Amino acid sequence: MIRLEINGKGQNVDLPGETPLLWTLRDELGLTGTKFGCGMALCGACTVHLDGQAVRSCITPISAAANKKVVTIEGLGTDAVGKALQAAWVDVGVPQCGYCQAGQIMSAAALLRRTPKPTDAQIDEAMGGNICRCGTYTRIRTAVKQAAAKQGGTQ
Amino acid sequence: MKAPGDLILTNVSRRRFLQGVSLTGLVLAVGYPSLGRAEDKKYGADGMPNGWVDNPLAFVSIAPDGTVTIVCHRSEMGQGIRTGMPMIVADEMEADWKRVKIEQAPGDEKKFGNQDTDGSRSTRHFFEPMRRCGAAARMMLEAAAADRWKVPVSEVEAKNHEVIHKPSGRKLGYGALAQAAASQPVPARDTLRLKDPKQFRYIGKGQLKLVDGRDIATGKAKYGIDTRFDGMLYAVVARPPVYGGKVASFDPAEALKVPGVERVIQIEASPAPPMFNPVGGVAVLARNTYAAIQGRRALKITWDDGPNASYDSKTYKTSLEESARKPGKVVRNEGDFDAAVAKAAKRHQAEYYVPHLAHATMEPMSATARIVNGKVEVWGGFQSPQGTRDNVAKRLGVSPDDVTVHVTLLGGGFGRRSKPDFALEAASLSKAVDGKPVKVTWTREDDLHNSYYHTVSVEHLEAGVDAQGKPVAWLHRSVAPTIISTFNAEAKNEAPFELGMGVINVPFAIPNIRIENPEAAAHTRIGWFRSVSNIPHGFAVQSFIAELAAAAGRDPKDYLLEVIGPPRQVSPEMLGDTWNHGESPERYPVDTGRLRGVIEKVARESGWGRKLPKGQGLGIAGHYSFVSYIAAAVEVAVDDKGTLTVPRVDMAVDCGPTVNPDRVRSQMEGACIMGLSLATLSEISFKSGRVEQDNFNAYEVLRMPAAPRLIRVHIIPGNDYSKPMGGVGEPGVPPIAPALCNAIFAATGKRIRTLPIRDQLKA
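Every chain is numbered independently, its residues counted from 1 as its sequence is written. In the order they appear in the text, chains get letters beginning with A and ligands get numbers beginning with 1. Where totals are concerned, whole chains, interfaces and linings use all residues; where local detail is concerned, this predicted model gives features only for residues with pLDDT of at least 70, and gives and counts side-chain atom pairs only at 80 or more.

**Student:** Describe in detail the overall build of chain A, supporting the description with residues and values.
**Tutor:** Strands here are runs of E lasting at least two residues and helices are runs of H or I lasting at least four, both read from the DSSP assignment and numbered beginning at the N terminus. Helix and strand content of chain A: six helices and five strands. Relative to the compact-globule value of 15 Å for 155 residues, chain A shows a C-alpha radius of gyration of 15 Å, a close match. With respect to the principal axes defined by its C-alpha atoms, chain A has extents near 45 × 30 × 25 Å. The buried share of chain A, reckoned over its 155 residues, is 61%. Residue pairs qualify as contacts under a 7 Å threshold applied to their C-beta atoms, which are placed from the backbone. For chain A, long-range pairs separated by at least 24 residues make up 62% of all intrachain contacts whose partners lie at least 6 apart in sequence. Here the globule rule is a power law, 2.2 Å times the number of residues to the power 0.38, and the radius of gyration is based on C-alpha atoms. Burial is judged by counting other C-beta atoms within 10 Å of a residue's own C-beta: 20 or more means buried, 12 or fewer means exposed, and anything between counts as partly exposed, with every C-beta placed from the backbone.

Dropping the structure here:
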C-alpha cells in the first residue's frame, strides 16, 4: 500500500511501487485530466506537479511520489497562478483538440511560479518539452504572458 | 456497473432522448418524422453518404427552463466544430448562446445526415441545413406564441430567446413555449424565412468562446482514452511488426504472471486489403494500462512477417525515382508538351520527395466497447461515427441497429481517426470476454508503427521556357502509392481525388501541359493525412515555379502570378479534374482571381520585397485545395552554422464567407505549425518492413522553441453568405513547406527538394 497526497487529499493505492503515477491517476483514481502521450517523458502531456515541480508522471513511479504533494490539472484551479492560466487559456482561445493542454498549463504554472515575468525565450525553454500537434504554440505564449500580466508580472 | 456518468459528452442516443422527454419534458425532440431528408443529388453534402438533415426535431430540444440543447453531429478534433455548428442553429433560431447546451450525436447518419468529419467540409456542407434547422425551430416557437395569444403569426417575432407580440409588447420565453412549439408542424422548407445575414449575432463575428474551452483548461474534458467503467479491462495489443504479417505462435505464460494481468487473447489478422480492419496480434487485458503494457513486454511471440518484410524506404525511393523518369499513365494532356519543349529556349527539371508521415495525434488511438444483451456500445474519438458503427457491426456479425457509437472529443484527428481499426479491436476483445467493458489503448509506439500513413512520393517536373524564361511547356509526373490500395490491394495509380489535389488541377496559363501518373505499389497501409496529396503536389509545384523564377532572374511572386495568369474562372473539368473536392463545377470553379488575390494579399502583408540582411529571406507559395485559396509568406533566418529559424509567417486565406473567424485563424496557425513540422523534421521510414521510428525522439514534430514568434492570418473578407464556402481545416498546410523552402533559397541560395530538411542546411 502506498500513500499518495493528490490535490490535497490522501489516497492509498495498492499497486507495485514502480507503477507510473500517470496510470495510477488515470486508471486507479479516475483523474483522467492528466494525459498519456508518449510514456517516455518526450511530450509533456502527462505533466503534474510534485512538491511544486513540474514532472512527467509517465516516468514517475508512485514510490517516488509517496509522501509528496501531487497536484494535477484537476487541482490546479485552487491556486492563483493556476486559475489565471486557466482563465487566459479560455480567453485567448488556446485549445484546438485540447488534449495536450492540461500538460501545457501544468508546465506554464511551474514556470510562472519560479519566473513570474517570463520572456519569450524563457517561455520557449520552459515549454519546449510539451508537444502540441494542433500547433497552438503562438497562442500558448500569448496566454502565458496574459496570465503573468494578470498576476502583476507584466514585462 | 457504473454508467459512464463522468463522460461529459453525453450522447443523444434515441433511448436516452426519449427518457429525456418523459422525465424532463424535453419537448421539441418528440419524434423522428421522415421529413427533412435530402434528395439524392450529386455534389456537396448531397453527394455524401446519407446527405444532410435539416430537421429541427433531430437537432434541437428545449427544456421548460428555457435551456436550448443543440446537437452537434460532426466530430470535434480541434477545428471548433462543437462551437461553430450549433452557433449557426442558435443564431437562426434567435437563441441566447448563454442558454445553449451542446450534445454530441452518436453515429446515426439516418437521423443526422453525413458525419464523416473529414475533407474540410463540415461548415460548407452543413451551413445551410443548420440555418434551415434553426429557422424552422424559430418559426415553430413563433407559431406556438401566436396560437397562445390568438393573434396572427405575422404580429409576433422571436428575438433573443423570447417571442414578442409586436402590437402589445407581450412576451413569452422559449421555455414557456417549448411544449406548444413541439406540437407545431415543422414548416416546409420553401416557407422558411432565413435571417438577413446583417442580423446575425454570432455567425461571422468570432466573439464566442469555445464551448469546451473551460473543460479543457480544467482537465474535465473527456476524450476516448478517458472512458472508464467499473470492472473495465485495460488492453494493449502486440501487433505484427510488419504490415500483412501475423502471429506464427505465442506463449502467454510469462505475461499472465505479471501482477494485474487477467487475460491474453489473440486477435485474428484480417486478409488484405487493409480496409479498416485490425491488423491482428495478441492482446493483454489487465487491471490497468500499465499492467497491460508490462504484460505485453512479457509475451513471447513468433511472427510471420508476410509479403512486406522487405519494404525498405531507401530502395523504395530509388524505385519511385526510376518510375518518375519514365512515361506513365497520362492523366491530363493539353497542347503538345514534347513539341513545345523541343522548341523551348531552355529546359528545366527537378524532382521532389516527401516521405511517409504519421498523424501522431496527441491522444493515441483508444476505444472502449461493451456488449450487454446483444447491444454493443463503443466509445471513442471517431471521425466517422457511422462508419465505425457499420464496421463494428460487420466485425461482430450483428446489425448496425444493435451498435451504438458514442463520440467523445478527439485528441487530434488529422485523418487518422477516419479509420476505426482501433474500435474494432475493442469490440472484438469485449466480445471475447463476454461483453465486459474493454478499453484498448495504443501506446505511442503502436501509433507510429500502425498508422495509415501519408503516402510517400516522388514528383518529377519538367518545363520548357521561352527566351524571357516564361514556361511554355509543363510536365509533371507524380508517383505515389494510392489510398485506394487500402481498399483494393491491386491499385497502383492515384485516384481522381488524389490527382485533383493540386497535380492536375493547376490553373496555369501554360499552353502545353502534360500530367502523368506512373504506377506505385503500396507496402503498408496508406491513408488520409491532413490535406493529403496536396502536400507533395503543392510542395513540388510551388517549389518548381520558384526555381523557374530564379532561373529567369525574376521576382518569385511576380513570376508566380504570371504563371497563374489573369483573373478568370476555370472549369475543373477543363483541368481534367472530375472530382473537384466533391463540389459542383459550376458553383465551385477554379478562380484564378481568388488565387492571385491571396498571393497579392500575403505579399503586401508580409512586406514582400523588403530588404533583408544576409542569411535571411522571404518565400511565397499559393495553393488551391478543399475549394479554398491560401497563400503563405514565410520569413527565415539561416545562420552560418546552418541553423534555421522561422521568425514570422503570414497567411492569407480566401475560404468564402466564414462562421467563426477566430477558428479560421486558429486552423491556419495550426496548419502553419504542422506544415513546418513536416517540412523540417518528420519522417516515417521503413526497414525490413518495420517502421524505424518508435516515439517522439525519432519521429520529431515541431516544438515551441522552433515555432514562429508571429503567425499572422489575413482572412479575405467574405460577408456574402450566398457565396460558396470553402474548407478550412486542411488547406492551410500545403503552401507552408514550399514557402519555407523558397525562403531558404532566398536566404542561402540552397534549394531543398527532399523533405524533411532536418540537417540539410548544416554547414
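After presenting the structure, the write-up continues.
**Student:** Describe the overall build of chain B, with residues and values.
**Tutor:** Helices and strands together make up the secondary structure of chain B, namely 20 helices and 28 strands. For 763 residues, the compact-globule estimate of 2.2 N^0.38 gives 27 Å, and the C-alpha radius of gyration of chain B, at 27 Å, lies within 12% of that figure. Projected onto the principal axes, the alpha-carbon positions of chain B cover approximately 80 × 75 × 45 Å. For chain B, the share of sequence-separated contacts (at least 6 apart) that also reach a separation of at least 24 residues comes to 80%.

**Student:** How would you summarise the sheet that holds strand S19 (residues 471-479) of chain B if you had to cite specific residues and measurements?
**Tutor:** Residue and element names in this part refer to chain B. If you trace the five strands from one edge of the open sheet to the other, you get S12-S20-S19-S18-S13, paired in mixed fashion. Only two strands of the sheet have a single neighbouring strand rather than two, namely strand S12 (329-334) and strand S13 (346-354). Geometrically, the sheet is characterised by an average inter-axis angle of 10 degrees between neighbouring strands, direction not taken into account. Against the sheet, helix H16 (residues 534-552) makes contact with S13, strand S18 (457-465) and S19, and its axis sits at roughly 150 degrees relative to S13, the strand it touches most. Whether two strands pair depends on DSSP finding at least two bridges between them. A fitted line through C-alpha atoms represents every axis, and for helices the fit uses only the stretch in contact; the resulting angles, taken between N-to-C directions, go from 0 to 180 degrees.

**Student:** An account of the interface of chain B and chain A is requested, with residue identities and associated values reported.
**Tutor:** Between chain B and chain A, the residue contacts involve 51 residues of the former and 46 residues of the latter. Of all the elements in the fold, those that place two or more residues in the side of chain B that touches chain A are helix H7 (213-217), helix H9 (289-298) and helix H19 (661-680) of chain B. Top contributing element to the side of chain B that touches chain A by residue count: H19(B), with seven residues.

**Student:** Give a detailed account of the environment of A:Ala121, specifying residues and quantitative values.
**Tutor:** Tracing the backbone shows A:Ala121 in helix H5 (residues 120-127). On a C-alpha basis, the gap between A:Ala121 and A:Glu28 in space is 38 Å, while along the polypeptide they are 93 residues apart.

**Student:** Give a detailed account of the domain arrangement of chain B, specifying residues and quantitative values.
**Tutor:** All names here are of chain B. Residue ranges assigned to the domains are those given by an automatic or database domain assignment. Domains assigned within chain B are domain 1 (14-213), domain 2 (224-307 + 365-441) and domain 3 (313-357 + 452-748). Computed from C-alpha atoms alone, the centre-to-centre distance between domain 1 and domain 3 is 39 Å. Across the boundary between the two partners, domain 1 contributes 20 residues, which contact 24 residues of domain 3. If you list the elements that add at least two residues to the side of domain 1 that touches domain 3, you get helix H3 (81-92) and helix H5 (122-149).

**Student:** Describe the domain arrangement of chain A, listing the residues and the values that go with them.
**Tutor:** All names here are of chain A. Here chain A is partitioned into domain 1 (2-75) and domain 2 (79-150). Between the C-alpha centres of domain 1 and domain 2 the distance comes to 20 Å. Taken together, the contact between domain 1 and domain 2 spans 15 residues of the former and 12 residues of the latter. Contributions of two or more residues to the side of domain 1 that touches domain 2 are made by strand S3 (47-50) and strand S4 (53-56). Each residue gets one label: Ala, Val, Leu, Ile, Met, Phe, Trp, Tyr, Cys and Pro are nonpolar, Asp, Glu, Lys and Arg are charged, and the others, such as Gly, are polar. Taken together, the residues of the side of domain 1 that touches domain 2 break down into six nonpolar, eight polar and one charged.

**Student:** I'd like a description of helix H18 (residues 592-606) of chain B, backed by residues and values.
**Tutor:** Residues and elements named next belong to chain B. How far a helix is expected to stretch is found by multiplying one less than its residue total by 1.5 Å. For H18, with 15 residues, the first-to-last C-alpha span of 21 Å sits near the 21 Å given by 1.5 Å per residue. Along H18, the residues classified as buried are Thr-592, Arg-594, Leu-595, Arg-596, Val-598, Ile-599, Lys-601, Val-602, Ala-603 and Ser-606. Positive backbone phi, at 70 degrees, marks Gly-607, one or two positions downstream of H18.

**Student:** An account of the sheet that holds S4(A) is requested, with residue identities and associated values reported.
**Tutor:** Residues and elements named next belong to chain A. The sheet built from five strands is open, its strands ordered S2-S1-S5-S3-S4 with mixed pairing. Strands with a single pairing partner mark the edges of an open sheet, and in this sheet they are strand S2 (9-13) and S4. Going across the sheet, the axis of each strand differs from the next one's by a mean of 40 degrees, ignoring polarity. The strands touched by helix H4 (residues 101-114) within the sheet are S3 and S4, with S3 carrying the most contacts at an inclination of about 35 degrees.

**Student:** Any details on the packing of H5(B) against helix H6 (residues 174-182) of chain B? Residues and values, ideally.
**Tutor:** Residue and element names in this part refer to chain B. Relative orientation of the contacting elements H5 and H6 amounts to 90 degrees, with a least axis distance of 9 Å. When the axis of H5 is compared with that of H6, the two are roughly perpendicular. Contacts between H5 and H6 pair Met-140, Leu-141, Ala-144, Ala-145, Asp-147 and Arg-148 from the former with Tyr-174, Leu-177, Ala-180 and Ala-181 from the latter. Of the residues belonging to the contact of H5 with H6, the class tally is eight nonpolar, no polar and two charged. Note on terminology: angles under 35 degrees are roughly parallel, angles over 145 are roughly antiparallel, angles of 65 to 115 are roughly perpendicular, and the others are oblique.

**Student:** With reference to specific residues and values, describe the pairing of strand S23 (residues 616-625) of chain B.
**Tutor:** Residue and element names in this part refer to chain B. The buried fraction of S23 is high, at nine of 10 residues. Judged from the 10 bridges that link them, S23 and strand S24 (residues 628-638) form a sheet pairing that is antiparallel. Each residue of the ladder has a partner; that of Ile-620, found in S24, is Ala-633. Linking two consecutive strands that pair antiparallel, namely S23 and S24, is a turn of two residues; a positive phi of about 50 degrees is found at Phe-626 within it.

**Student:** Requested: an account of the pairing of strand S15 (residues 375-380) of chain B, with residues and values cited.
**Tutor:** All names here are of chain B. Within S15, five of the six residues are buried, leaving the element largely enclosed by the surrounding structure. Where strand S14 (residues 366-372) and S15 come together, six bridges link them in antiparallel fashion. If you follow Thr-368 over to S15, its bridge partner there is Trp-379. Two strands pair when backbone bridges link them, and S15 and strand S16 (residues 403-407) are joined in this way by five bridges, in the parallel orientation.

**Student:** How would you sum up the packing of helix H12 (residues 385-396) of chain B against helix H13 (residues 421-432) of chain B? Please name residues and give values.
**Tutor:** Residue and element names in this part refer to chain B. Running from N to C, H12 and H13 cross one another at 35 degrees; their axes reach a closest spacing of 9 Å. The element H12 and its partner H13 pack so that their crossing is right-handed. Of the residues in H13, those in contact with Thr-388, Asn-391, Val-392, Arg-395 and Leu-396 of H12 are Ala-423, Leu-424, Ala-427, Ser-428 and Lys-431. When grouped by side-chain class, the residues that make up the contact of H12 with H13 number five nonpolar, three polar and two charged. Each crossing is labelled by how the near helix is turned from the far one, with a counterclockwise turn of less than a right angle marking it left-handed and a clockwise turn marking it right-handed.

**Student:** Let's hear about H5(B): which residues, and what values?
**Tutor:** Counted at 1.5 Å a residue, the expected span for H5(B) with its 28 residues is 40 Å, and the 39 Å between its end C-alpha atoms agrees. At B:Glu128, H5(B) is bent by approximately 30 degrees, the largest bend along its length, and proline B:Pro129 sits one to four residues beyond. To obtain the bend at a residue, axes are fitted to the seven residues ending there and to the seven starting there, and the angle between these axes is taken.

**Student:** Talk me through unusual backbone geometry; I want residue IDs and the actual numbers.
**Tutor:** Residue and element names in this part refer to chain B. Residue Pro-273 follows Ala-272 across a cis peptide bond; omega there is -5 degrees. You can see Pro-273 is positioned in the loop between strand S9 (261-267) and strand S10 (281-286). Positive phi, normally seen in glycine, also occurs at Asn-50, with a value near 65 degrees. Note that Asn-50 resides in the loop between helix H1 (14-24) and helix H2 (56-59). We classify Asn-50 as partly exposed; it has 18 C-beta atoms within 10 Å. We note that Val-627 has phi near 50 degrees; this positive angle belongs to a residue other than glycine. Relative to the elements of secondary structure, Val-627 occurs in the loop between S23 and S24. Classification of Val-627 as buried rests on a count of 26 C-beta atoms within 10 Å.

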